[in-house]
Amino acid sequence: MKNSTSAAPAPQVPAPLKNAPSRTESRPERSTGSRAGELVQRQGVLAVLLTVILIASFLYPTFASLDNARGVTVQASFLAIVALGMTLVIITGGIDLSVGSVFALGGVLAAWASQWGFLAALLVPLVVCGAIGLVNGLLIARANMAPFIVTLASLLAARGILLAFTDEGATTYLVPKDSAFAELGQGSVWGFGYPILIALVLFGAGGLLLQRTSFGQTLFAVGGSSDAATLMGLPVARTKILVYTLSGLLAGLAGALNAARLSSGVTIVGVGMELDAISAVVIGGTLLIGGAGSISGTLWGVLLLAVIQNLINQIGSLNSSYQSVVSGGFLIVVVVAQRYLARSRRTT
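Note that the structure is a prediction, hence the values are computed from the model and not measured.

Side note on the overall build of the protein chain
Thought 1: In terms of helices and strands, the protein chain carries 13 helices and two strands.
Thought 2: If you take every contact in the protein chain between residues at least 6 apart in sequence, the share linking residues at least 24 apart comes to 76%.
Thought 3: If you sum the accessible surface of the protein chain, you get close to 18,700 Å²; carbon and sulfur atoms cover 65% of it.

The following block contains the structure:
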């Protein structure tokens, strides 16, 4: 008999699955609406600012003059410095209601200390106002107290110290004329005052700090979720202490510059300034709940409020109280828009 051998069946190769996702397939990009929403949140205030400037320049020729631009920017520089510190605080999910009183206290302390020279006029308000911010940060970060309550108490305390130091406002401290400290507030380069240049330098440094350093990324993480940031090993308490200290320092610096410009420590300034700073920050696109914001947006928000105030002055028939009405209207529109954009991004 002949041995017959049967060939082994060939192994079956499974047919490729149809419509199988490729491993190299890229993740779907964000929707156009989501990208547009983020762009509006970040740069929408700049578009509004440019529109208002163009309309005002067309209606009032004096508005577009270089002298008017200098005046607007100098007045806005003090609020801008205060709002810079407020931006860092709000990004972490906090609030600082004490900056208006700290601003006024810094101006009075700077005028009082200016009799001992330039360095004393700067260091005294920075040390005292920075200490107030440090206390705010310690109570909020270490004692877990509510930022609203802590900074409201600091607002009252700083105003009380101011009144006690000036005999209930009866004593006004003057900055010596022709001193280096007075030149800091009244001098200029290429026609633009030193306070403007100082504000721009601080905003540039703040932008780099927020976008190019690990500290800036920690701010966003803390504002997004403090508990999650703690689980990630981030220094949450130290970060909060630093931002409130920076807020106090910047408010004191702004007050000192204002005193140098006015050549005196005026006791009635700074009332309601914390609300203007918060408005500028929120109008600039920083979320009140924390976790998102930008330094440039705050700058545009400050300039928008200053331009509105100047435009009201240009009209002449309206008093300055209308600025509060317009600013409040802008704030409501921006907050509603932020809620809508945040909701639309969650659904896309």
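Once you've had a look at it, read on.
Points about helix α10 (residues 236–262)
Thought 1: Taking 1.5 Å of rise per residue, 27 residues should cover 39 Å, and α10 covers 39 Å from first to last C-alpha, within 8% of that figure.
Thought 2: A large share of α10 lies buried, amounting to 21 of its 27 residues.
Thought 3: Directly beyond the C-terminal end of α10, a positive phi value near 65° is found at Ser-263.

Looking at the pattern of salt bridges
Thought 1: With the rule as written, the count across this model stands at one salt bridge.
Thought 2: The residue Asp-67 makes a salt bridge to Arg-70 at a minimum N-O spacing of 3.4 Å. Of the two residues, Asp-67 and Arg-70 both sit in helix α2 (residues 66–91), three residues apart, roughly one turn of that helix.
Thought 3: Asp-67 gets classed as exposed once you look at its relative accessible area, which sits at 59%.

Observations regarding the side chain of Ser-98
Thought 1: Of note, Ser-98 is situated in the loop between α2 and α3 (99–113).
Thought 2: Not counting chain neighbours up to four residues away, the residues in contact with Ser-98 comprise Asn-136, Thr-151, Ser-154 and Leu-155.

Looking at the packing of aromatic side chains
Thought 1: With the rule as written, the count across this model stands at three aromatic pairs.
Thought 2: Seen from their ring centres, Trp-112 and Trp-116 are 5.0 Å apart, and the 75° between their planes marks the pair as edge-to-face.
Thought 3: Taking the relative accessible area as the measure of exposure, Trp-112 reaches 27% and is therefore partly exposed.
Thought 4: On the basis of relative accessible area, Trp-116 is assigned to the exposed category, the value being 55%.
Thought 5: Plain terms: the ring middles of Trp-112 and Phe-165 are 5.4 Å apart, the flat faces sit at 90° to each other, and that makes the pair edge-to-face. Highlighted residues: Trp-112 in helix α3 and Phe-165 in helix α5 (residues 147–165), separated in sequence by 53 residues.
Thought 6: For Phe-165, a relative accessible area of 26% translates into the label partly exposed.
Thought 7: One aromatic cluster is present, formed by Trp-112, Trp-116, Phe-165 and Tyr-173 through successive ring pairs.
Thought 8: Looking at Arg-70, its charged tip hangs above the ring of Phe-192, at a distance of 5.8 Å from the centre.

Structural notes on the environment of Thr-172
Thought 1: When you line up the elements, Thr-172 lands in the loop between α5 and α6 (180–186).
Thought 2: Thr-172 sits in the partly exposed class, given a relative accessible area of 46%.
Thought 3: Once residues lying within four places of it in the same chain are set aside, the contact partners of Thr-172 are Ser-264 and Gly-265.

A few points about α2
Thought 1: Between its terminal C-alpha atoms α2 stretches 35 Å, which fits the 38 Å expected from 26 residues at 1.5 Å a residue.
Thought 2: At Ser-77, α2 is bent by approximately 35°, the largest bend along its length.
Thought 3: A positive backbone phi angle near 90° is found at Gly-93, which sits one or two residues after α2.

As for unusual backbone geometry
Glycine aside, negative phi is the norm for most residues, and most peptide bonds take the trans geometry.
Thought 1: At Asp-167, a position not held by glycine, the phi torsion is positive, near 55°.
Thought 2: We note that Ser-263 has phi near 65°; this positive angle belongs to a residue other than glycine.
Thought 3: Secondary-structure assignment places Ser-263 in the loop between α10 and α11 (273–283).
Thought 4: A relative accessible area of 22% means that Ser-263 is categorised as partly exposed.

A look at empty space enclosed by the protein
Thought 1: Enumeration over the complete set of coordinates arrives at one cavity of 30 Å³ or more.
Thought 2: Here the largest cavity is characterised by a volume of approximately 40 Å³.
Thought 3: What lines the largest cavity is Phe-103, Ala-104, Gly-107, Val-108, Gly-255, Asn-258, Ala-259, Ser-264, Gly-265, Val-266 and Val-269.
Thought 4: Sorting the residues of the lining of the largest cavity by element identifies α3 and α10 as the ones contributing at least two each.
Thought 5: Looking at the lining of the largest cavity element by element, the count peaks at four residues for α3.

Things to note about the confidence of the model for the protein chain
Thought 1: Per-residue confidence for the protein chain gives a mean pLDDT of 83; residues scoring 70 or more make up 81%.
Thought 2: This stretch, residues 1–8, has a pLDDT under 50; its non-local contacts, to residues over four places away or in other chains, come to zero contacts.
Thought 3: Taken together, the stretch residues 13–28 has pLDDT below 50 and engages in zero contacts with residues farther than four places along the chain or on a different chain.

Rules and cut-offs
- Numbering of residues starts from 1 in each chain and follows the order in which that chain's sequence is written.
- Side-chain atom pairs in this predicted model are given and counted only at pLDDT of 80 or more, local residue features only at pLDDT of at least 70, and totals for whole chains, interfaces and linings cover all residues.
- Excluded from the side-chain calculation are hydrogens and water; included are all heavy atoms of the structure.
- Runs of H or I in DSSP of at least four residues are treated as helices and runs of E of at least two as strands, each being numbered from the N terminus.
- In this analysis, two residues are considered to be in contact whenever any of their non-hydrogen atoms come within 4.5 Å of each other.
- Using the Shrake-Rupley algorithm and a 1.4 Å probe, accessible areas are obtained, with residue cover drawn only from the displayed protein chains.
- Helix span, as expected, comes to 1.5 Å for every residue beyond the first.
- Here's how the labels work: a residue is buried when its accessible area is under 20% of the maximum for its type, exposed when over 50%, partly exposed in between, all with a 1.4 Å probe on protein chains only.
- A pair is scored as a salt bridge if a Lys or Arg side-chain nitrogen falls within 4 Å of a carboxyl oxygen belonging to Asp or Glu.
- Two rings belonging to Phe, Tyr or Trp (six-membered ring only in the last case) form a pair when the distance between their centres is within 6.5 Å. Interplanar angles under 30 degrees mark stacking, angles over 60 mark edge-to-face geometry, and anything in between is tilted.
- For a lysine, the NZ atom is tested; for an arginine, the CZ atom; a charge sits over a ring if that atom is within 6 Å of the ring centre and within 35 degrees of the ring normal.
- Bend at a residue means the angle formed by two fitted axes: the first through the 7 residues ending at that position, the second through the 7 residues beginning there.
- The pocket and cavity definitions rest on a 1 Å grid over protein atoms only: a 1.4 Å probe that fits but cannot leave marks a cavity, an open set with protein on both sides within 12 Å along at least five of seven lines marks a pocket, and residues lining either have an atom within 4 Å of a point.
- Grid points are joined across faces, edges and corners, and a volume is the space filled by probe spheres set on the points.
- pLDDT expresses, on a scale from 0 to 100, how confident the predictor is about each individual residue.

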